[in-house]
Amino acid sequence: MNSTTSSDKRLNLLAGLYQQAEALYASTPVSAGQVQQLAAALLALSQTHPALLLSQLSLTPQQQSILAVLAVKQTALLCLLQRNLKLPDSWCLLILHALLVQPLALAGDSAELSASQQRYPALLSLKQQPELCQQLNLNAIFKLTDYKAKNRPFWQSSSTAQIVSFCWQVARLMVPGSGRYPGLEQISAALLPQADQTELLLWQAISQDSLWLTGRFLQDEEQQLLMLLNPVPHQGLLRLVCFNKQQKEFGQVVELADDGLSLLQPRTFTDWFYCSFWQESEVQLAAPDKLPNLNWLQQLSTAQTVSQQSRMLQQQPQLAALVKQQASALSRHQLELESEKHAIALIGQQNLPAVLQQSWLTQHCLLQAHPWHHQLLQFRLVLQQALLQLDQELNFFGLNSFSANTLAWCCVWPLWQQNDARFYPLVSPQGRSYLELYLKQQLWKQAQYQQLLNKVLVHLHCPVDWLIAAKHYRALPQHAQTSPQALLLAAAMELAISLFAVSDDEPARLEQSLRFLQQSSQRQLKPASHYQQLLVAATQPSTELSPLCNLISALGNETRQNHPVSQQISA
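What counts, and where the lines are drawn
- Residues numbered from 1 in each chain as written.
- Predicted model: local features only at pLDDT ≥ 70, side-chain atom pairs only at ≥ 80, totals over all residues.
- Heavy atoms only, no water.
- Helix = DSSP H or I, 4+ residues; strand = E, 2+ residues; numbered from the N terminus.
- Buried < 20%, exposed > 50% of the residue type's maximum accessible area, 1.4 Å probe, protein only.
- Contact = heavy atoms within 4.5 Å.
- Areas by Shrake-Rupley, 256 points an atom, 1.4 Å probe, with all protein chains shown as cover.
- Pairing = 2+ DSSP bridges.
- Patch = residues over 30% accessible without salt bridge, like charges linked within 9 Å, V, L, I, M, F, W, Y side chains within 5 Å.
- Salt bridge = Lys/Arg side-chain N within 4 Å of Asp/Glu carboxyl O.
- Lys, Arg positive; Asp, Glu negative; His and termini not counted.
- Charge placed at Lys NZ, Arg CZ, Asp CG, Glu CD.
- pLDDT = per-residue confidence, 0-100.
- Axes fitted to C-alpha atoms, helices over the stretch in contact; angles between N-to-C directions.
- Parallel < 35°, antiparallel > 145°, perpendicular 65-115°, else oblique.
- Left-handed = near helix turned anticlockwise from the far one by under 90°.
- Nonpolar A, V, L, I, M, F, W, Y, C, P; charged D, E, K, R; others polar.
- Expected span 1.5 Å × (residues − 1).
- Phe/Tyr/Trp six-rings, centres within 6.5 Å; stacked < 30°, edge-to-face > 60°.
- Lys NZ or Arg CZ within 6 Å of the ring centre and 35° of its normal.
- Disulfide = S-S within 2.5 Å.

(A) Geometry of the overall build of the protein chain. Scanning the protein chain from N- to C-terminus turns up 28 helices and 7 strands. A total of 571 residues make up the protein chain; the buried ones form 54% of that total. A separation threshold of at least 6 residues defines the contact pool for the protein chain, and within that pool the share at least 24 residues apart is 67%. Total accessible area computed for the protein chain in this model is approximately 25,700 Å², and 48% of it derives from carbon and sulfur atoms.

(B) Just the sheet that holds strand S3 (residues 225-232), in detail. In spatial order, the strands read S5-S4-S3-S2-S6; together these 5 strands make up an open sheet with antiparallel pairing. Because the sheet does not close on itself, it has two edges, and the strands there are strand S5 (249-256) and strand S6 (262-263). Sheet topology places strand S2 (residues 217-219) next to S3; 3 bridges connect them, and they run antiparallel. Bridge assignment links Leu218 to a residue of S3, and that residue is Leu226.

(C) Molecular detail of a negative patch on the surface. Where like charges cluster on the molecular surface, the negative patch consists of Glu221, Glu222, Asp258 and Asp259. With respect to the helices and strands, Glu222 occurs in the loop between S2 and S3.

(D) Structural detail: the confidence of the model for the protein chain. Mean pLDDT over the protein chain works out to 80, with 85% of the residues at or above the 70 mark. Scored below 50 in pLDDT, residues 1-10 makes 14 contacts in the model with residues more than four places away or belonging to other chains. Scored below 50 in pLDDT, residues 543-571 makes 55 contacts in the model with residues more than four places away or belonging to other chains.

(E) Looking closely at the pattern of salt bridges. If you walk through the whole model with that rule in mind, you get 7 salt bridges. Between Lys526 and Glu393 there is a salt bridge, and its shortest N-O distance comes to 3.0 Å. Residue Lys526 is found in the loop between helix H25 (507-521) and helix H26 (528-539), and its partner Glu393 is found in helix H19 (residues 373-394); the two are separated by 133 residues along the sequence. The partly exposed category is assigned to Lys526, whose relative accessible area is 40%. By relative accessible area, which is 27% here, Glu393 ends up partly exposed. Across the pair Lys440 and Glu436 runs a salt bridge whose closest N-O atoms are separated by 2.9 Å. Here Lys440 pairs with Glu436, and both are found in helix H21 (residues 434-444), just 4 residues apart, close to one helical turn. Judged by relative accessible area, Glu436 falls into the buried class, the value being 7%.

(F) Region of interest: the pairing of S5. When strand S4 (residues 237-244) meets S5, the two strands line up antiparallel, connected through 6 bridges. In the sheet register, Leu240 faces S5, and the bridge partner there is Val254. Here S4 folds back onto S5, and the loop between the two strands holds 4 residues, one of which, Lys248, carries a positive phi near 50 degrees.

(G) Looking closely at the packing of helix H1 (residues 13-26) against helix H2 (residues 32-48). Contact geometry of H1 with H2 gives a least axis separation of 10 Å together with a crossing angle of 160 degrees. By the angle between their axes, H1 is roughly antiparallel relative to H2. Along this stretch, H1 crosses H2, giving a crossing that reads as left-handed. Residues Leu13, Leu14, Leu17, Gln20, Ala21, Ala23 and Leu24 of H1 pack against Gln34, Val35, Gln37, Leu38, Ala41, Leu42 and Leu45 of H2. Here the residues of the contact of H1 with H2 are counted per class, giving 11 nonpolar, 3 polar and no charged.

(H) Molecular detail of helix H12 (residues 197-206). For H12, the buried fraction is high: 8 of the 10 residues fall into the buried class. Buried residues of H12: Gln197, Thr198, Glu199, Leu200, Leu202, Trp203, Ala205 and Ile206, and no others.

(I) Structural view of the packing of helix H22 (residues 447-459) against helix H23 (residues 464-472). Contact pair H22 / H23: the axes reach a minimum separation of 9 Å and the direction vectors enclose 175 degrees. Taken together, H22 and H23 sit at an angle that is classed as roughly antiparallel. Taken together, the residues of H23 that come into contact with H22 (itself represented by Gln450, Leu453, Asn454, Leu457 and Val458) are Trp466, Leu467, Ala470, Lys471 and His472. Classifying every residue of the contact of H22 with H23 gives 6 nonpolar, 3 polar and 1 charged.

(J) A look at H1. A rise of 1.5 Å per residue sets the reference length of H1, with its 14 residues, at 20 Å; its end C-alpha atoms lie 20 Å apart and thus fit the reference within 8%. Along H1, the residues classified as buried are Leu14, Ala15, Leu17, Tyr18, Ala21, Leu24 and Tyr25.

(K) Quick look at the pairing of S3. The buried count for S3 comes to 8 of 8 residues, which makes it a mostly enclosed element. With 7 bridges connecting them, S3 and S4 associate as antiparallel partners. Along S4, the bridge assignment pairs Leu225 with Phe243.

(L) Region of interest: the side chain of Thr198. Relative to the elements of secondary structure, Thr198 occurs in helix H12. In this structure Thr198 touches Phe154 and Gln162, once residues within four positions along its chain are discounted.

(M) Molecular detail of the packing of aromatic side chains. The full count for this structure, using the stated rule, is 9 aromatic pairs. Consider the rings of Phe379 and Phe500, whose centres lie 5.7 Å apart with planes at 75 degrees: the pair is edge-to-face. On the criterion of sequence distance, the pair formed by Phe379 in helix H19 and Phe500 in the loop between helix H24 (484-498) and H25 is long-range, its members being 121 residues apart. Like Phe379, the residue Phe500 is buried in the burial classification. In textbook terms, an aromatic cluster arises when at least three aromatic residues are bridged by ring pairs, as seen for Tyr18, Phe269 and Trp272. Positioned over the ring face of Phe217 is Arg267, at 4.6 Å from the centre of the ring.

(N) Layout of the state of the cysteines. Per the counting criterion, the structure on display carries 0 disulfides. The thiol sulfur of Cys410 is not disulfide-bonded, and the nearest other cysteine sulfur, from Cys462, lies at 4.1 Å.

(O) Representation of the environment of Thr145. Take Thr145: it is sitting in the loop between helix H9 (139-142) and helix H10 (159-174). Since its relative accessible area comes to 2%, Thr145 is described here as buried. Considered as a pair, Thr145 and Gln162 are 17 residues apart in the sequence and their alpha carbons are 6.2 Å apart. Residue contacts for Thr145: discarding those within four places in its chain leaves Tyr120, Ala122, Ala161, Val164 and Ser165.

Rendered as structure tokens:
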């Protein structure tokens, strides 16, 4: 395969984007239209030719300016994050706008900039390009990108700002001023010791598979060079193309295990020939698995035999893994289960519908890529326990762990469908809790939340009493149709929110909810503080926001132990 000669007819896709980036950073002034056009083109490349884009993590064109190279490498990192974190296109497009504008601060003489300005150029870009940042809605994002420079915790920055900062920090280390170009495995070893929880999760997303090695050269035991195209899905193999260094020709495509292969350093190139392989025979990356619809859940739940249910469950590996995980927790030794039949037997056919619903909701919420996913999972667990504790105290509604879990999932599922949280920190630098505000607005004020709550209750065939409760829990006793279930739901929600409150500015509302529930049930309830302490003991929520928990140091240690990313990305 000779050097690309078809450039007169159609310039290499990647080379064209590099030229477009060069034009952007050479412009004075830069227009919002230029940024939007380049961002749209880069996002399109990540979808139509993902392997071609990812190869730029390992291959760097020497003839391009450093700003153009940084723009493409940041986009390649975002491509990996989007794939493994399931980030929606609209969010990625906004992040791309920030990634492209941020290096404008370095377009002049970067030697005059301080080390902090070079490390966090977003604020300088905001100062130098106020109109451009305003037109692209980047002000709120850029103001929170330097949270680490100010020694602020990660929860005082928005998830969007953290992704922008992360992509820049990694990309700038991939392009050294001199010497050999480091690989991601070397950069991760340098950055991981100082990584916060969000950065650990981003590193984990990058190292989830071998896609970050796309375009990397390897050497076998016979000193033959091979270039990695992409991993073979679900087979533990690598798809590589043989490369003749003397003749500069790609040869046969082979699939090999990584045994006996040595990883070489990332390379620079001067001929687009190195990238022409993906353009002429593009390697499409495997699409992620999709969830079945809710009708499939109903069909599996009504199957008559365990064998039928087991066969249907085997067709959905994601749900099967979650069901096995829940069943393993119920077993005496909590061992990992291999058989779907064994999992169903441990759970019980009568409880299987509830477990399937919870597994489906778990996976569906994960696919929403909500920036507060971890905190909302904690809130769901606390709400489930609040429902159980209050119901056991009243001994009236007969909730068990399965039904309380399903009801809690229905109550929190709508929270994942709102996207505004991407632009707010969990807590502002002034100490205001946006998470607390978000929960209160959604559960008590937003009409869309209540519509989604009723929708999921209907879809999951929840008892009609809880449907009525979901419609009237906000009205409390003033409404003629307010049911005891509505009062329980309202009290449990207020109790769960109180554990995530930075300041207890509305204690009367929680006490009032418990008092209404006590009057309706005609049973004596204890003070709110009693149930709060029981909830903390039962759930141990690892939220860094709650003054009742104060587990931030434990959270950091737990996260590092559970995500040995440095080992994964160096493997």
